[in-house]
Amino acid sequence: MRKILFSLIIVVLSVQSFAQSIEQKIDELLTAYSNQNKLNGVILVAQKGKVIYQKGFGYRNAEEKIPNDVNSIFQIGSITKQITSAVIMQLQQEGKLSVHDKLSKYFSGFVNGDKITIENMLTHTSGIYNYTNDTAIMKNDVTKHYSQEQMLTLFKSYPPDFEPGTKWNYSNSAYSILGYIIEKVEKKPYEKVVRERIFQPLGMSNSGFDFTDLSNPNKTKGYFSLNPKPMPAPIVDSTIAYAAGAVYTTVGDLYKWERSISTNKILKPESWKAVFTPYKNKYGYGWSIDSLYGKLIIAHSGGIHGYASYILRFPQDEAAVIVFDNSSSNSLGKISKAVAAILYDQTYEVPAAPKEIKLDTTALKQYVGEYQLAPGFTITISLGENGLKGQATGQAAFDLFPEKENVFFLKVVDAKVEFVKDANGTVTELILYQNGQQPHGKKIK
């Protein structure tokens, strides 16, 4: 009997040790990202339906040096879409609408309104132009209050991208329209519907919509970047982000939402099955559906002025990674998948900070010029007292630090620039490495 008990104790201790090693690996990984200014926020990790790690990194308010913690409140941008889609599915369950309803049933004046279905809008196959691609609005008008009528007029003013159902193109406009349909069906504000149907039943007491007027000591301040100095971002008004991206919340509250999916608290199983059925571009109703490490994953990112967010779910194992950032980090998808690699004992990399080398002025001068990455979009390289600077069209200039003779890294974002020479040693183009993309820019000046 003593041998059996001793064996059980060894098993329990080994499981605890394994759990601790996972937590230590996650902490090492996230600390490395934080030290390189690629993570300033809060992360929650769950496995088998239980939280195994949650921690804040960086600052809730950088100017006042107030640190982030698990109670910090963030805007989550497009993660809002999955909540909007869930309400739509609740209304379908109740017979109040159908995902096959045409847009023209609810609002007139849209090109293709008799062809666009609610399902097209849920799956980004409606062809409705994405209004956040309009740089004039996103640069100048994000803090203004817009009425439903004003937003619908704006959406109607753009020509359609394609015939409904024929292609895929991300459309925040379509999700805002879904919010207006919810209002029309329920005869009450979208925000109130979500509060009554989602937030209150799940106990999401730290979640809401009007981030501008939120008065809470846990409210974070959003930044376009924190290095070399904080660059605060304006708060996007909830009437603009609306049903496509206006929700604010904490990682703990969003985990309540995630758990509700696993336990079918909000929708019937057949409705969740519809939500997670991939259509074009592996996109369902407000979620991306794919696989990772041989397992089904359901995920979505969010981005709004000053904020980034990511939720990654492994539904078969009840595992999840939720990460919020208030410095506009573009590394959250990479971070989430690296954490998942730790959970599933897969290979991953702890990012090492690039080391700066010294280059003389003569070596730097050869890179000065203008490089075109796309029509109307260039990067201008200039030489200042402290080295090279790069400035993309419509953006602030950032320092470039040499890692190799022809490769430079940025500290404000996770990006690198490589300069390419021809056979004669003349610089002809640059390559920008960022977000997994490698666009080339020909030297035009």
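Thresholds, definitions, all that
- Residues numbered from 1 in each chain as written.
- Predicted model: local features only at pLDDT ≥ 70, side-chain atom pairs only at ≥ 80, totals over all residues.
- Heavy atoms only, no water.
- Helix = DSSP H or I, 4+ residues; strand = E, 2+ residues; numbered from the N terminus.
- Rg over C-alpha atoms; globule rule 2.2 N^0.38 Å.
- Buried < 20%, exposed > 50% of the residue type's maximum accessible area, 1.4 Å probe, protein only.
- Contact = heavy atoms within 4.5 Å.
- Pairing = 2+ DSSP bridges.
- Axes fitted to C-alpha atoms, helices over the stretch in contact; angles between N-to-C directions.
- Phe/Tyr/Trp six-rings, centres within 6.5 Å; stacked < 30°, edge-to-face > 60°.
- Lys NZ or Arg CZ within 6 Å of the ring centre and 35° of its normal.
- Core = buried A, V, L, I, M, F, W, Y, C linked by side-chain atoms within 4.5 Å.
- Left-handed = near helix turned anticlockwise from the far one by under 90°.
- Nonpolar A, V, L, I, M, F, W, Y, C, P; charged D, E, K, R; others polar.
- Salt bridge = Lys/Arg side-chain N within 4 Å of Asp/Glu carboxyl O.
- Arc of directions from axis to C-beta.
- pLDDT = per-residue confidence, 0-100.

Peer 1: Please clarify how the overall build of the protein should be interpreted in this entry.
Peer 2: Helix and strand counts for the protein come out as 12 helices and 21 strands. Computed over C-alpha atoms, the radius of gyration of the protein comes to 24 Å, within 12% of the 22 Å expected from 2.2 N^0.38 for 445 residues, which places it in the range of a compact globule. Taken over the C-alpha atoms alone, the protein extends approximately 80 × 70 × 45 Å along its principal axes. When the 445 residues of the protein are sorted by exposure, 50% land in the buried category. Nonlocal contacts in the protein, meaning residues at least 24 apart in sequence, comprise 62% of its contacts between residues at least 6 apart.

Peer 1: It is not clear to me how unusual backbone geometry should be interpreted in this structure. Could you clarify?
Peer 2: When glycine is set aside, most residues are seen to have a negative phi, and most peptide bonds are trans. Despite not being glycine, N112 shows a phi value in the positive range, around 70°. Located in the positive-phi region is K282, a residue other than glycine, with phi close to 60°. Inspection of the secondary structure puts K282 in the loop between α10 (269-275) and β9 (288-292). In this structure K282 comes out as partly exposed when scored by relative accessible area, which is 46%.

Peer 1: Whenever I open this one, the sheet that holds strand β11 (residues 307-314) confuses me. Can you help?
Peer 2: In a beta sheet, neighbouring strands are held together by backbone hydrogen bonds and run either parallel or antiparallel to one another. Ordered by their spatial adjacency, 6 strands build an open sheet running β2-β1-β12-β11-β10-β9, and the pairing between neighbours is antiparallel. With one partner strand each, in any of the chains shown, β2 (50-56) and β9 form the two edges of the open sheet. Taken over all neighbouring pairs, the strand axes of this sheet differ in orientation by 15° on average, direction set aside. Summarising the sheet, strand β1 (residues 41-47) and β2 pair through 6 bridges and their orientation is antiparallel. Of the residues in β2, the one forming a bridge with A46 is V51. Together, β1, β2, β9, β11 and β12 (319-325) form the strand contacts of helix α11 (residues 332-343), whose direction differs from that of β11 by roughly 30°.

Peer 1: Is there a simple way to think about the packing of aromatic side chains in this case?
Peer 2: Each pair of aromatic rings is reported with the distance of its centres and the angle of its planes. A complete count under the given rule lists 22 aromatic pairs for this structure. Note on F314 and Y344: the rings are 4.8 Å apart at their centroids and 45° apart in plane angle, and the pair reads as tilted. Highlighted residues: F314 in strand β11 and Y344 in the loop between α11 and α12 (361-365), separated in sequence by 30 residues. Taken individually, F314 and Y344 each receive the classification buried, so the pair is uniform in this respect. A ring pair is formed by Y367 and F419, whose centres lie 4.3 Å apart and whose planes are at 20°; its orientation type is stacked. One end of the pair, Y367, is in the loop between α12 and β13 (369-374); the other, F419, is in strand β19 (residues 415-421), with 52 residues separating them in the sequence. Each member of the pair Y367 and F419 is classed as buried. What links up through ring pairs into an aromatic cluster is the set F74, F211, Y248, Y307 and F324. Positioned above the aromatic ring of W287 is the side chain of R313, whose terminal nitrogen or guanidinium carbon lies 5.9 Å from the ring centre.

Peer 1: Explain the nonpolar core here, please?
Peer 2: Taken as a class, soluble globular proteins show a tendency for nonpolar side chains to be buried jointly. Of all hydrophobic cores here, the largest spans 81 residues; its most connected members are I118, M121, I177, I198 and W257. It is helix α6 (residues 172-186) that provides the largest number of residues to this core, a total of 8 residues. Residues within four places of I198 in sequence aside, it is in contact with I83, V87, Q90, V193, M204, W257 and I266. Grouped together as the second largest cluster of nonpolar side chains are 28 residues, V45, F314, A340 and I342 included.

Peer 1: Sorry, what's going on with the packing of helix α2 (residues 80-93) against α6 here?
Peer 2: What describes two packed helices is the angle between their axes and the distance between those same axes. Two elements in contact, α2 and α6, have axes separated by 10 Å at closest approach and are oriented at 40°. Considering only the axes of α2 and α6, their crossing is left-handed. Together, K81, T84, S85, V87, I88 and L91 of α2 and N172, Y175, L178, I182, V185 and E186 of α6 make up the contact between the two elements. Grouping the constituent residues of the contact of α2 with α6 by class yields 7 nonpolar, 3 polar and 2 charged.

Peer 1: Please clarify how the sheet that holds strand β20 (residues 427-434) should be interpreted in this entry.
Peer 2: Spatially, 9 strands are ordered β16-β15-β14-β13-β21-β20-β19-β18-β17 in an open sheet, and the strand pairing comes out antiparallel. Where the open sheet ends on each side, the last strands, each with one partner, are β16 (398-399) and β17 (401-402). Pairing between β20 and strand β21 (residues 440-443): 3 bridges, direction antiparallel. Note that in β21 the partner of E429 across the bridge is K442.

Peer 1: When you look at the pattern of salt bridges in this model, what are you seeing that I'm missing?
Peer 2: Opposite charge on two side chains permits them to pair, given that their charged atoms come into close proximity. Enumeration according to the criterion identifies 20 salt bridges in this entry. Residues K221 and E63 are paired through a salt bridge, measuring 3.4 Å at the closest nitrogen-oxygen approach. Taken together, the residues K221 in the loop between α7 (190-202) and β6 (223-225) and E63 in the loop between β3 (59-61) and β4 (66-67) connect sequence positions 158 residues apart. Given the relative accessible area of 31%, K221 is considered partly exposed. Its relative accessible area of 38% is what places E63 among the partly exposed residues. Between D141 and K144 there is a salt bridge; the shortest N-O distance is 3.0 Å. Salt bridges sharing common partners tie together E94, K96, E186 and R197.

Peer 1: I would appreciate a short explanation of helix α5 (residues 148-157) in the present structure.
Peer 2: Each α-helix winds once per 3.6 residues, and so residues spaced three or four apart point in a common direction. For α5, the set of buried residues is M151, L152, L154 and F155. The buried residues of α5 all sit within an arc of 155° when viewed along its axis, so they share a single face. In α5, the exposed residues that point more than 90 degrees away from the buried face are E149 and S157.

Peer 1: What is the right way to read the confidence of the model for the protein from this model?
Peer 2: Reading fine detail from the predicted coordinates is not recommended where pLDDT is low. In this model, the protein carries a mean pLDDT of 92, and residues with pLDDT of at least 70 account for 95%. Note on residues 1-19: pLDDT under 50 across the span, and 0 contacts to partners over four residues away in sequence or across chains.

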